[in-house]
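# Coordinate inspection notes
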Amino acid sequence: MITGSIVALATPMKVDGEIDWEALRRLVNFHLENGTDGIVAAGTTGEPTTMSFAEHFDVIRTVVEEVNGRIPVIAGTGANATSEAVELARYAGEVGADYCLSVCPYYNKPTQEGLYRHFKAVAEGSKLPVILYNVPGRTCSDLYNETVLRLAEVKNIVGLKDATGNLERAQELIDRLKGSDFMLYSGDDGTACDYMLMGGHGDISVTANVAPRAMHDLCVTAMAGDAERAHQINTRLMPLHTVLGVESNPIPVKWALHRMGLAEAGIRLPLTWLSEKYHSTVSEALQLAGLIES
């Protein structure tokens, strides 16, 4: 079981939008040096929907090679076509990822039965253990708790990233899966502290891109049940959790990485560079977290 702070890794790009492979390798090592417990390669924050299949594969392969077994790598392999999601999961297994993260099919708006069959097909076609990913704000497809419980019985489906931010719903699932090996991760930084204090196993985090050490400490403390200390850390990070959502992810976090000197000012259409009106807001949050100087 992976526990702790799992970074939803941004993919560094050059100003012309080309992937910056050297910066990607440096960013992986930045996380290895700062306590990150796992890396998601080519998840939502990694912009896979703007990449070709070859680029998507190469990002996963590059991260796996650079990590070199030191921490788990979770490959983002979701797609709105089941056959494509299976193909991506198979490839991730071939290049040595440890898990795959498969998002609910977007745009198609499948039924709960459609979601069940989709993920069952992915699990059956994948060499890797599958982590489900529910983010209805992006996909317009919501994986209900009852469907998660059905899928938890499917061989090779091992966990869930819950990005709904709904703690009442999360508590129900945590209670009903207590005692099992099914992994439950927050995918919403703003509520992740409380999610882990309720019994969650970690946070697949955007904030960890820029504050890996603090997010690791938060996760360790919250999972240990130290609510006072966890809330202290989280209070310091809350401005970051908030501002990294002022425009669509990964727009703000890529600007923050650039501001920290960790990446060039590169992003791909239809995403655009962070609006100038938010620059000072994101800078102030980075300063409050002790990540840059004023």
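Residues numbered from 1 in each chain as written. Predicted model: local features only at pLDDT ≥ 70, side-chain atom pairs only at ≥ 80, totals over all residues. Heavy atoms only, no water.

Put simply, the rule is: UniProt positions are given in the numbering used here, feature names are shortened, and annotations may be inferred rather than shown by experiment.
Looking up the protein in an unreviewed UniProt entry gives the name 4-hydroxy-tetrahydrodipicolinate synthase, with the organism given as Bisbaumannia pacifica. Regarding the protein, the UniProt comment filed under Pathway (unreviewed entry) reads as follows: "Amino-acid biosynthesis; L-lysine biosynthesis via DAP pathway; (S)-tetrahydrodipicolinate from L-aspartate: step 3/4." Comment text from UniProt for the protein, heading Subunit (unreviewed entry), reads "Homotetramer; dimer of dimers."

### Some remarks on the overall build of the protein
Applied cut-off: Think of it this way: any DSSP run of H or I at least four residues long counts as a helix, any run of E at least two long counts as a strand, and we number them from the N terminus. All radius of gyration figures rest on C-alpha atoms, and the globule criterion is 2.2 Å times the number of residues raised to 0.38. Here's how the labels work: a residue is buried when its accessible area is under 20% of the maximum for its type, exposed when over 50%, partly exposed in between, all with a 1.4 Å probe on protein chains only. Whether two residues touch is decided by their heavy atoms; if any such pair falls within 4.5 Å, the residues are in contact. Working definition of accessibility: Shrake-Rupley area with a 1.4 Å probe, residue cover restricted to the visible protein chains. The charged-residue count follows a simple rule in which Lys and Arg add positive charge and Asp and Glu add negative charge, with His and chain termini not counted at all. The atoms used to mark charge sites are NZ of Lys, CZ of Arg, CG of Asp and CD of Glu.
If you tally the helices and strands in the protein, you get 12 helices and eight strands. Expected size for 294 residues packed as a compact globule is a radius of gyration near 19 Å; at 18 Å, the protein falls within 12% of this value. Seen through its C-alpha atoms, the protein measures out along the principal axes to roughly 50 × 45 × 35 Å. A buried classification covers 55% of the 294 residues belonging to the protein. Of the contacts formed within the protein by residues at least 6 apart in sequence, a portion of 72% connects residues at least 24 apart. In the form shown here, the protein has an accessible surface area of approximately 12200 Å², with 48% of it arising from carbon and sulfur atoms. A distance of 3 Å separates the average location of the 24 positive side-chain charges in the protein from that of its 37 negative side-chain charges.

### Notes on the packing of helix 1 (residues 21–33) against helix 2 (residues 53–67)
Which entries qualify depends on this criterion: Every angle, taken between N-to-C directions, lies between 0 and 180 degrees, and every axis is a line fitted to C-alpha atoms, over only the stretch in contact when it is a helix. Note that the term roughly parallel is reserved for angles under 35 degrees, roughly antiparallel for angles over 145, roughly perpendicular for angles of 65 to 115, and oblique for everything else. If you view the pair so one helix is near and one far, a crossing is left-handed when the near helix is turned anticlockwise from the far one by less than a right angle, and right-handed when it is turned clockwise. Polarity classes work like this: nonpolar for Ala, Val, Leu, Ile, Met, Phe, Trp, Tyr, Cys and Pro, charged for Asp, Glu, Lys and Arg, and polar for all others, with Gly in that last group.
Interaxial distance between helix 1 and helix 2 falls to 10 Å at its minimum, and their mutual angle equals 45°. Relative to helix 2, the element helix 1 lies oblique. Once helix 1 is placed against helix 2, the crossing between them reads as right-handed. When helix 1 is examined against helix 2, the residues Trp21, Leu24, Arg25, Val28, Asn29 and Leu32 are found in contact with a partner set consisting of Glu55, Asp58, Val59, Thr62, Val63, Glu65, Glu66 and Val67. In terms of residue class, the contact of helix 1 with helix 2 is built from seven nonpolar, two polar and five charged.

### Observations regarding the sheet that holds strand 3 (residues 73–76)
Worth spelling out the cut-off: When DSSP finds two or more bridges between a pair of strands, those strands are recorded as paired.
Around the barrel, which closes on itself, the eight strands sit in the order 1-2-3-4-5-6-7-8 with parallel pairing between neighbours. Taken over all neighbouring pairs, the strand axes of this sheet differ in orientation by 25° on average, direction set aside. Pairing between strand 7 (residues 183–186) and strand 8 (residues 202–205): two bridges, direction parallel. The residue bridging Tyr185 from the neighbouring strand is Gly202, located in strand 8.

### Quick look at the UniProt feature "binding site: pyruvate" (unreviewed entry) in the protein
Here the UniProt-annotated "binding site: pyruvate" (unreviewed entry) positions come out as Thr45 and Ile204. In three dimensions, the annotated residues from a span of 160 residues occupy one location, with a maximal C-alpha spread of 10.6 Å. If you trace the backbone, Thr45 turns up in the loop between strand 2 (38–41) and helix 2. Judged by relative accessible area, which is 2%, Thr45 ranks as buried.

### Brief notes about the UniProt feature "active site" (unreviewed entry) in the protein
To keep it simple, the criterion reads: Distance and chemistry together define a polar contact, namely a pair of N or O atoms within 3.5 Å, with one atom able to donate a hydrogen and the other to accept it when in protein, and with adjacent residues in sequence counting only for side-chain atoms on both sides.
Taken from the UniProt record, the annotation "active site" (unreviewed entry) applies to Tyr133 and Lys161. Taken together, the annotated residues stretch across 29 residues yet fold into one region, lying no more than 4.7 Å apart by C-alpha. Position of Tyr133 among the secondary structure elements: in strand 5 (residues 130–134). Residue classification places Tyr133 among the buried positions, given a relative accessible area of 6%. Excluding residues that lie within four positions of it along the chain, Tyr133 makes contacts with Thr44, Leu101, Ser102, Val103, Cys104, Leu160, Lys161 and Ala163. In terms of polar contacts, Tyr133 uses its side chain to reach the side chain of Thr44, at 3.1 Å. What makes Lys161 buried here is its relative accessible area of 5%.

### Quick word on the nonpolar core
For clarity, the threshold we go by: Residues grouped as a nonpolar core are buried Ala, Val, Leu, Ile, Met, Phe, Trp, Tyr and Cys residues, joined through side-chain atoms within 4.5 Å.
Val63, Leu143, Ile157 and Leu240 are the most contacted members of the largest nonpolar core, which has 86 residues in total. What Val63 contacts, discounting residues up to four positions off in sequence, is Leu9, Leu24, Val28, Ile39, Ala41 and Val73. Within the second largest apolar cluster, 15 residues are counted, among which are Val40, Val135, Ala163 and Ile204.

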